[in-house]
Amino acid sequence: MTNDLNIPGSQSTPAVQGEWQAGRLAMQGDSYPENSYELFGQVIDWVESYLAQGDRSLHLDLGLVYLNTSSVKVMMDIFDMLEEAHQAGQDVQVRWYYDARNERIAELAEEFREDCSFPFTITPQQA
């Protein structure tokens, strides 16, 4: 699989864009789908396939606003894959952009970052 990923967002799911050639995965919006693995299964497959190439950089740009418990679990799975790739010498990094008025998502991003040794920046944005 060497293709881009494009999942349109909805009221309860984030928009997801994976650019294979650019080595970039972006997610924006709320994430509280009824079945997060149904939505994120293809994202996880994409990340796994991408990282399996072993020698390419992957940058994750996140603009997630709200995550339910199952979405948090999926994000942990994705960050675990990035951590494994990082430990194996691959260049991975996460940039998480959040609304400066939304402290809860900043705290959540901070909790994720504590478990990661790869570059992980959390950036407030003005609305």
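I will try to describe carefully the structure that is included in this document. (Residues numbered from 1 in each chain as written. Predicted model: local features only at pLDDT ≥ 70, side-chain atom pairs only at ≥ 80, totals over all residues. Heavy atoms only, no water.)

As a further point, take the overall build of the protein. Along the backbone of the protein there are three helices and six strands. Along the chain direction, N to C, the helices and strands of the protein fall in the order β-β-β-α-β-α-β-α-β. Relative to its length of 127 residues, the protein is compact, with a C-alpha radius of gyration of 14 Å against a globular reference of 14 Å. The C-alpha extent of the protein, read off along each of the three principal axes, is 40 × 30 × 25 Å. Within the span of the protein, comprising 127 residues, buried residues form 43% of the whole. At a minimum sequence separation of 6, the contacts of the protein that also span at least 24 residues come to 66%. Of the roughly 6,800 Å² of accessible surface on the protein, 45% is carried by carbon and sulfur atoms. Side chains of the protein give 7 positive and 21 negative charges; the mean places of these two sets differ by 6 Å. (Helix = DSSP H or I, 4+ residues; strand = E, 2+ residues; numbered from the N terminus. Rg over C-alpha atoms; globule rule 2.2 N^0.38 Å. Buried < 20%, exposed > 50% of the residue type's maximum accessible area, 1.4 Å probe, protein only. Contact = heavy atoms within 4.5 Å. Areas by Shrake-Rupley, 256 points an atom, 1.4 Å probe, with all protein chains shown as cover. Lys, Arg positive; Asp, Glu negative; His and termini not counted. Charge placed at Lys NZ, Arg CZ, Asp CG, Glu CD.)

Attention shifts here to the layout of surface pockets. Here the largest pocket defines a volume of roughly 150 Å³. If you trace the largest pocket, you find it lined by Val-65, Tyr-66, Leu-67, Asn-68, Thr-69, Val-72, Asn-102, Arg-104, Ile-105 and Leu-108. Put simply, the parts of the chain that give the lining of the largest pocket at least two residues each are β4 (58-67), α2 (69-87) and α3 (103-114). Here the residues of the lining of the largest pocket are counted per class, giving six nonpolar, three polar and one charged. (1 Å grid on protein atoms, 1.4 Å probe; cavity = no way out; pocket = protein on both sides within 12 Å on 5 of 7 lines; lining within 4 Å. Points joined across faces, edges and corners; volume = space filled by probe spheres on them. Nonpolar A, V, L, I, M, F, W, Y, C, P; charged D, E, K, R; others polar.)

In terms of strand pairing, strand β1 (residues 5-7) meets strand β2 (residues 15-19) through three bridges, oriented antiparallel. By the bridge assignment for β2, Ile-7 is matched with Val-16. In the sheet, β2 pairs with strand β3 (residues 24-31) via five bridges, with the strands oriented antiparallel. Its bridge partner being in β3, Gln-17 is matched across the sheet by Ala-26. Hairpin connection from β2 to β3: four residues lie between these consecutive antiparallel strands, with Gly-23 at a positive phi of about 70 degrees. (Pairing = 2+ DSSP bridges.)

With that settled, consider a nonpolar patch on the surface. Judged by side-chain polarity, Tyr-32, Val-65 and Tyr-66 come together as a nonpolar surface patch covering roughly 260 Å² of accessible area. The partly exposed category is assigned to Tyr-66, whose relative accessible area is 36%. (Patch = residues over 30% accessible without salt bridge, like charges linked within 9 Å, V, L, I, M, F, W, Y side chains within 5 Å. Salt bridge = Lys/Arg side-chain N within 4 Å of Asp/Glu carboxyl O.)

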